[in-house]
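Residue-level structural notes
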Amino acid sequence: MKNQLKNIKVSLSAIIIGIVLAGCGGGADVDTAPAVADDGVRQIRITGNDAMQFNITEIRAEPGEELRIALTNIGRMPKQHMGHNWVLFKALSDSELNTLAMDAAGRGPEHLPADMSAVLAHTRMLGPAESDQITITAPQEPGEYPFACTFPGHFALMRGKLIVE
Ligand code: ZN
């Protein structure tokens, strides 16, 4: 009985330490340099913050290259006010992209467009301190593929491009 109690105490303090560490992180130590995961897939670490900014607005890849997109919301504002996702689109024109993003913004909680045919890949919509990872394959055709956060009002600021070359 005593031992069990001790175990509970130990795991509780581990949880508390975990929370404190997560709270202190604040994103300052997020490494933005590309890294290679154990399985050889190049990892792109992307953060979104409370100022509606991605840390990365340009990703370069080779045709057909596998990439692991690791998105973290490093903000503190509640998800319903400041959610972030990462959505990769086909090589659309600006006006096509605008139309799709507007449509997506109106569709909670994930804010994805009704017609997903122009969406190549997407993460989940993330609240503060949440992360999501997806593995994508860069298109075979060289070109510029826009990505954005489709949370309402974020598209204008939170966007960038995957350059396949
Ligand atoms: Zn966002």
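Structural notes, computed from the coordinates. (Residues numbered from 1 in each chain as written. Predicted model: local features only at pLDDT ≥ 70, side-chain atom pairs only at ≥ 80, totals over all residues. Heavy atoms only, no water.)

1. Looking at the packing of aromatic side chains
Rule in force here: Side-chain rings of Phe, Tyr and Trp (the six-membered ring for Trp) are treated as a pair once their centres are within 6.5 Å; stacked means planes under 30 degrees apart, edge-to-face means over 60, and tilted covers the remaining angles. Elements are defined by DSSP. Helices are runs of H or I of four residues or more, strands are runs of E of two residues or more, and each kind is numbered from the N terminus. Three labels apply to residues, based on accessible area from a 1.4 Å probe with only protein chains included: buried if under 20% of the type maximum, exposed if over 50%, partly exposed otherwise in between.
Under the definition given, this model contains two aromatic pairs. A centroid spacing of 5.9 Å and a plane angle of 65 degrees characterise the contact between Phe54 and Phe147, whose relative ring orientation is edge-to-face. Taken together, the positions of Phe54 in the loop between strand E2 (42-48) and strand E3 (58-61) and Phe147 in strand E8 (residues 143-148) put the pair 93 residues apart, joining distant regions of the chain. The residues Phe54 and Phe147 share a single accessibility class, namely buried. On the numbers, 5.3 Å between centres and 35 degrees between planes, the contact of Trp86 with Phe147 is tilted. Remark: Phe147 occurs in strand E8 and Trp86 occurs in the loop between helix H2 (79-82) and strand E5 (87-89); sequence separation between them is 61 residues. Comparing Trp86 with Phe147, the two get one shared label, buried. Every member of this aromatic cluster is reached through a ring pair, and the members are Phe54, Trp86 and Phe147.

2. Here's the deal with helix H3 (residues 94-105)
Basically, it comes down to this: Here, expected helix span is obtained from the residue count minus one, scaled by 1.5 Å. The directions from the helix axis to the C-beta atoms form the arc being described.
Across its 12 residues, H3 extends 16 Å between first and last C-alpha, which sits within 8% of the 16 Å expected from 1.5 Å per residue. Listing the buried residues of H3 in full gives Leu97, Leu100, Ala101, Ala104 and Ala105. Buried positions in H3, seen along its axis, are confined to an arc of 135 degrees and lie on one side of it. Along H3, exposed side chains directed more than 90 degrees from the buried face belong to Ser95, Thr99 and Met102.

3. Observations concerning the coordination of the zinc ion
For clarity, the cut-off: Coordination shells were defined by N, O and S atoms within 2.8 Å of each metal, extended to 3.2 Å for Na, K and Ca; water is absent from the atom set, which can make sites look incomplete.
With distances of 2.1 to 2.8 Å, the protein atoms coordinating the zinc ion are Gly83 (O), His84 (ND1), Cys149 (SG), His154 (ND1) and Met158 (SD). For the zinc ion, the donor residues sit on a single chain with the sequence spacing G-H-x64-C-x4-H-x3-M. With Gly83 in the loop between H2 and E5 and Cys149 in the loop between E8 and strand E9 (159-164), this residue pair connects regions lying 66 residues apart in the sequence. Each member of the pair, Gly83 as well as Cys149, is classed as buried.

4. Describing the pairing of E8
Convention followed: Here a strand pair is declared whenever DSSP counts at least two bridges between the two strands.
Relative to E8, E5 runs antiparallel, the two being bridged by two bridges. Residue pairing across strands places Val87 opposite Ala148, the latter belonging to E8.

5. Brief notes about the sheet that holds E3
The criterion, for reference: To define axes, lines are fitted to C-alpha atoms, for helices over the stretch in contact only, and angles between the resulting N-to-C directions are given on a 0 to 180 degree scale.
Strand order in the open sheet formed by five strands is E3-E9-E8-E5-E6, with mixed pairing between adjacent strands. In this open sheet, the two edge strands, each paired with only one partner strand, are E3 and strand E6 (119-122). Strand-to-strand twist of the sheet, defined as the mean angle between neighbouring strand axes without regard to direction, takes the value 25 degrees.

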